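Below, each chain spelled out in residue letters.
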Amino acid sequence: MDEYGYLDQNTTARTTTFREFEGTIIDWSWFFHKKTGKIPFLIRKDIMASDEAIVAVIGHEMFELEMLRTIFAGGAPVELWEAETSPHNPGNIHWQT
């Protein structure tokens, strides 16, 4: 849960963030936290006050992850990650849910 207010009012949740150089090929295994072996999510605190919001946000994130898993299973450029998860790129995976 976003205890520190990292997520703005337009961002309900966020998963792994990459800060790799352009052209870097990332693999599905990069999404997992090195210590826990799980894919981390940061969820805006106010989302947790509504059952409907919890289901909608987690459902959206799970859909995105499943789509991204198929793309990055064999590795793909970090630019593709940015293109498919950006809220400013209508028609990408992020907008399909």
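First, a word on what this report is: a plain description of the structure on this page. (Residues numbered from 1 in each chain as written. Predicted model: local features only at pLDDT ≥ 70, side-chain atom pairs only at ≥ 80, totals over all residues. Heavy atoms only, no water.)

Moving on, we get to the side chain of Ser-86. Position of Ser-86 relative to the elements: it lies in the segment after helix 2 (78-85). Judged by relative accessible area, Ser-86 falls into the buried class, the value being 19%. Ignoring anything within four residues of it in the chain, the contact list for Ser-86 reads Asn-92, His-94 and Trp-95. (Helix = DSSP H or I, 4+ residues; strand = E, 2+ residues; numbered from the N terminus. Buried < 20%, exposed > 50% of the residue type's maximum accessible area, 1.4 Å probe, protein only. Contact = heavy atoms within 4.5 Å.)

Turning next to the layout of surface pockets. Where empty space is left can be seen by rolling a probe of water-molecule size over the atoms. The calculated volume of the largest pocket comes to roughly 580 Å³. Lining the largest pocket we find 26 residues, and of these Thr-11, Ala-13, Thr-85, Pro-87 and His-94 sit closest to its centre. Sort the elements by how many residues they give to the lining of the largest pocket and helix 1 (residues 51-72) lands first, with seven residues. Of the residues contributing to the lining of the largest pocket, the split by class is 11 nonpolar, 10 polar and five charged. Empty space within the second largest pocket amounts to approximately 180 Å³. Around the second largest pocket, the lining residues are Thr-16, Thr-17, Phe-18, Ser-29, Trp-30, Phe-31, Phe-32, His-33, Lys-34 and Pro-40. (1 Å grid on protein atoms, 1.4 Å probe; cavity = no way out; pocket = protein on both sides within 12 Å on 5 of 7 lines; lining within 4 Å. Points joined across faces, edges and corners; volume = space filled by probe spheres on them. Nonpolar A, V, L, I, M, F, W, Y, C, P; charged D, E, K, R; others polar.)

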